[in-house]
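Survey of secondary and tertiary structure
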Amino acid sequence: MRDPADSQSASIARGGGVPDLQLLRSIETTDDPVLTHSVDFPDGHRVALHQHSRSQLLYAFSGVVMVATASGRWMVPPEHAIWLPAGVEHSVEMLGDVEMRSVYVRPEAREDLPRQLRVVAITDLARSLIVAAAGLPAAQLHTERASLVHGLLLHEIPNLPERPLALPFPRDPRLAALCREFLRQPRARATIDQWANVAGMSRRSFTQAFRRETGLGLGTWRQQACLFAALPRLAEGESVTSVALDLGYDSVSAFTTMFRRMLGKPPRAWLPMTRLS
């Protein structure tokens, strides 16, 4: 990593996971429409709950990041990013060693910037632009080249493909308890009838309440929860077979089919490179 004194990059967290107040002040006071920031974090590092007046594109260059807000959790695997609209309170947890690249954007920089929190795949163009923007030294931040890089990045952000890596939590205590228990022990074959019975609700009432509270059907929520359980284990090098069977899938092929449908790549793509060599 380059010296933070040579650019606008700086660590967003100090020891103990407290947000870096100097960086937050820079985010709040700088007039530039786009700020970039690079930092590496060790496994298990946490950044405490915080917010800022700029929207943030948090890009997991490597490693897996878990972002939590009052309304749910979001998983950010390698080569993905999370778009955090301005003002959203969030905390961040590193699952494995993480190389993070962030782009902070003034909300008024473009009218078509996303208004909702979402996880997106990083395109080749976006990756190149983020790397280029993060590599600009302080002396070049207001040059024509910087303006062009930042402008093209702003154009690319609304076009990044969304990925189903959100895990909203219901507010209803009965439904929330079921969701927390599922995360403790994910089982792919859990059924609506089983959940409705535990909640003391009819199948119809449960289905309507769950979708109203989370915006998702139970089947989709369950698949996304299984992805949340699988991705960190795959990133740590655990075998696809072990993860698939532990999550209750009848076969590795069934797990792989679900994984590819949800993320566009097979689970093998998330194994560390050392396991693929």
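Summarised in this report is the structure supplied together with it. Each chain has its residues counted from 1, running along the sequence as written. Residues qualify for local features only when their pLDDT is at least 70, as the model is predicted, and side-chain atom pairs are given and counted only at 80 or more; totals for whole chains, interfaces and linings, by contrast, use all residues. Only hydrogens and water are set aside when side-chain values are computed; all heavy atoms of the structure are taken into account.

**A closer look at the overall build of the chain**
Inclusion rule: By definition, any uninterrupted DSSP run of H or I lasting at least four residues is a helix, any uninterrupted run of E lasting at least two residues is a strand, and each is numbered from the N terminus. Note on classification: 1.4 Å probe, protein chains only; a residue is buried when its accessible area is under 20% of the maximum for its type, exposed when over 50%, partly exposed between these limits. In what follows, a contact means two residues having at least one pair of non-hydrogen atoms within 4.5 Å. Note on areas: these come from Shrake-Rupley sampling with a 1.4 Å probe, and a residue is covered only by the protein chains present in the view.
Within the chain one finds ten helices and nine strands. Looking at the chain as a whole, 49% of its 277 residues qualify as buried. Contacts in the chain between residues at least 24 apart in sequence constitute 72% of all its contacts with a sequence separation of at least 6. Split by element, the accessible area of the chain, about 13300 Å² in all, is 51% carbon and sulfur.

**Comments concerning the pattern of salt bridges**
We apply this condition: Salt bridge, as used here, is a side-chain nitrogen of Lys or Arg placed within 4 Å of a carboxyl oxygen of Asp or Glu.
Summed over all chains, the structure comprises eleven salt bridges. Measuring nitrogen to oxygen at the nearest pair gives 3.8 Å for the salt bridge that ties Asp 40 to Arg 101. Linking Asp 40 in strand β1 (residues 34–41) with Arg 101 in strand β6 (residues 90–105), this pair joins segments that are 61 residues apart in sequence. Under the relative-accessibility criterion, Asp 40 is labelled partly exposed at 36%. For Arg 233, the salt bridge is made with Glu 238, and the minimal N-O distance between the two is 2.7 Å. Linked through salt bridges whose partners overlap, the residues forming this network are Asp 40, Glu 99 and Arg 101.

**Some details on the pairing of strand β3 (residues 55–69)**
Quick note on the threshold: The pairing criterion is simple: DSSP has to find at least two bridges between the two strands.
A large share of β3 lies buried, amounting to twelve of its 15 residues. As paired strands, β3 and β6 are joined by twelve bridges and run antiparallel to one another. Within the sheet, the bridge partner assigned to Val 67 lies in β6 and is Val 92. Pairing analysis gives five bridges linking β3 to strand β5 (residues 80–84), with the strands arranged antiparallel. Residue pairing across strands places Tyr 59 opposite Ala 81, the latter belonging to β5. Relative to strand β4 (residues 72–76), β3 runs antiparallel, the two sharing five bridges.

**A few points about the packing of aromatic side chains**
We apply this condition: Centres within 6.5 Å make a pair out of two Phe, Tyr or Trp rings, where for Trp the six-membered ring is used; the pair is then stacked when the planes are under 30 degrees apart, edge-to-face when over 60, and tilted otherwise. Two limits define a charge over a ring: the Lys NZ or Arg CZ must be within 6 Å of the ring centre, and within 35 degrees of the ring normal.
What the rule picks out here adds up to ten aromatic pairs. A ring pair is formed by Trp 195 and Phe 206, whose centres lie 6.3 Å apart and whose planes are at 70°; its orientation type is edge-to-face. Taken together, the residues span a long stretch of sequence, with Trp 195 in helix α5 (residues 192–199) and Phe 206 in helix α6 (residues 203–214) at a distance of eleven residues. When sorted by exposure, Trp 195 lands in the same class as Phe 206, which is buried. Both rings, one in Trp 195 and one in Trp 221, keep their centres 6.0 Å apart while their planes meet at 70°; by these two values the pair is edge-to-face. Taken together, the residues Trp 195 in helix α5 and Trp 221 in helix α7 (residues 218–235) connect sequence positions 26 residues apart. Given a relative accessible area of 7%, Trp 195 falls into the buried group. Among the aromatic residues, those joined into a ring-pair cluster are Phe 182, Trp 195, Phe 206, Phe 210 and Trp 221. Over the face of the ring belonging to Phe 61 we find Arg 101, whose NZ or CZ atom lies 5.2 Å from the ring centre.

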